[in-house]
Amino acid sequence: MKIEEHIPLLENILDQWKVTMGSQYQPYKNHVYRVVNFCLILHECTQDDREKFIIAGCFHDIGIWTDNTVDYLEPSIEIAKKYLQDQGKEQWSKEIELMIDQHHKIRRYRDSQYPLVEVFRKADWVDVSMGIRAFSLSKNDIQKVLNTFPNLGFHQNLMNLAKTELLTYRRNPLPMMKW
């Protein structure tokens, strides 16, 4: 297993959100690096697959900061679609939209037309659960990725945001979750 510690595309995409994210920039960037590395370990990638994982990774939670909400899936999807349009990669929009929309799905994503969606979902769950949900990854590989890209309070920030938003979304306190 080789951990990718510097991914220029990831750096370029996220750099434009540095001011918007403020103190949460580095914790989020580390989260994206962890998710992308877990994707690359879980799935033998073509160059296109790799790029899709990087793009979805960069944008999957971005709406938290751009729209200041835990109901961030739709804003994140819209920003990703705009990026893909600007890059002339609109043909990837549906798959990346699904990767973002389904990344907190509790159960397996089953549409075989888009296998990267399930890989991305698993990778995010590995990170969010800090390796408790390991899927087919070894504890050793998970720990190496976690050690390479420290959490820096990312999960605590999400919990704090969720507590704040709980009053807003009383009937659906975790609107990003899907069965």
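Residues numbered from 1 in each chain as written. Predicted model: local features only at pLDDT ≥ 70, side-chain atom pairs only at ≥ 80, totals over all residues. Heavy atoms only, no water.

Caption draft 1: Structural view of the packing of aromatic side chains. Applying the stated criterion to the full structure yields four aromatic pairs. When the centroid spacing of 4.9 Å and the interplanar angle of 55° are considered together, the rings of Tyr28 and Trp65 count as tilted. In this pair, Tyr28 sits in helix α3 (residues 25–42) while Trp65 sits in helix α5 (residues 63–66), placing the two residues 37 residues apart along the sequence. Taken individually, Tyr28 and Trp65 each receive the classification buried, so the pair is uniform in this respect. Taking the centre distance of 4.8 Å and the plane angle of 10° together, the rings of Tyr33 and Phe149 count as stacked. Separated by 116 residues along the polypeptide, Tyr33 in helix α3 and Phe149 in the loop between α9 (139–148) and α10 (154–166) bring together distant segments of the chain. Of the two residues examined, Tyr33 and Phe149, each falls in the buried class. Among the aromatic side chains, those forming a connected cluster through ring pairs are Tyr28, Trp65 and Phe154. Its guanidinium or amino end placed over the ring of Trp125, Arg133 lies 4.7 Å from that ring's centre, counting from NZ or CZ. (Phe/Tyr/Trp six-rings, centres within 6.5 Å; stacked < 30°, edge-to-face > 60°. Helix = DSSP H or I, 4+ residues; strand = E, 2+ residues; numbered from the N terminus. Buried < 20%, exposed > 50% of the residue type's maximum accessible area, 1.4 Å probe, protein only. Lys NZ or Arg CZ within 6 Å of the ring centre and 35° of its normal.)

Caption draft 2: A look at the packing of helix α6 (residues 73–86) against helix α7 (residues 93–101). Packing of α6 against α7 leaves a shortest axis separation of 9 Å and a crossing angle of 155°. Considering the angle they form, α6 stands roughly antiparallel to α7. When the axes of α6 and α7 are compared, the crossing they make is right-handed. Residue-level inspection shows Leu73, Ser76, Ile77, Ala80, Lys81 and Leu84 of α6 in contact with α7, the latter providing Ser93, Ile96, Glu97, Ile100 and Asp101. Looking at side-chain class alone, the contact of α6 with α7 contains six nonpolar, two polar and three charged residues. (Axes fitted to C-alpha atoms, helices over the stretch in contact; angles between N-to-C directions. Parallel < 35°, antiparallel > 145°, perpendicular 65-115°, else oblique. Left-handed = near helix turned anticlockwise from the far one by under 90°. Contact = heavy atoms within 4.5 Å. Nonpolar A, V, L, I, M, F, W, Y, C, P; charged D, E, K, R; others polar.)

Caption draft 3: Quick peek at the nonpolar core. Ranked by size, the top nonpolar core spans 54 residues in total, and within it Leu10, Phe59 and Ile96 carry the most contacts. With nine residues, α3 is the largest single contributor of residues to this core. With near-sequence residues (within four places) excluded, Ile96 lies in contact with Lys52, Ile55, Ala56, Ala80 and Leu84. (Core = buried A, V, L, I, M, F, W, Y, C linked by side-chain atoms within 4.5 Å.)

Caption draft 4: Geometry of unusual backbone geometry. Backbone geometry places Met130, a non-glycine residue, at a positive phi of 55°. Here Met130 shows up in the loop between α8 (115–128) and α9. Residues other than glycine seldom take positive phi values, yet Phe135 does so here, at roughly 55°. With respect to the secondary-structure elements, Phe135 resides in the loop between α8 and α9.

Caption draft 5: Main features of the pattern of salt bridges. Summed over all chains, the structure comprises nine salt bridges. Residue Glu95 pairs with Lys52 through a salt bridge whose shortest N-O separation is 2.7 Å. Within this pair, whereas Glu95 is found in helix α7, its partner Lys52 is found in helix α4 (residues 47–59), the two being separated by 43 residues in sequence. Like Lys52, Glu95 is buried. Between Arg121 and Glu118 there is a salt bridge; the shortest N-O distance is 2.7 Å. Of the two residues, Arg121 and Glu118 are both situated in helix α8; the distance of three residues between them amounts to about one turn of the helix. (Salt bridge = Lys/Arg side-chain N within 4 Å of Asp/Glu carboxyl O.)

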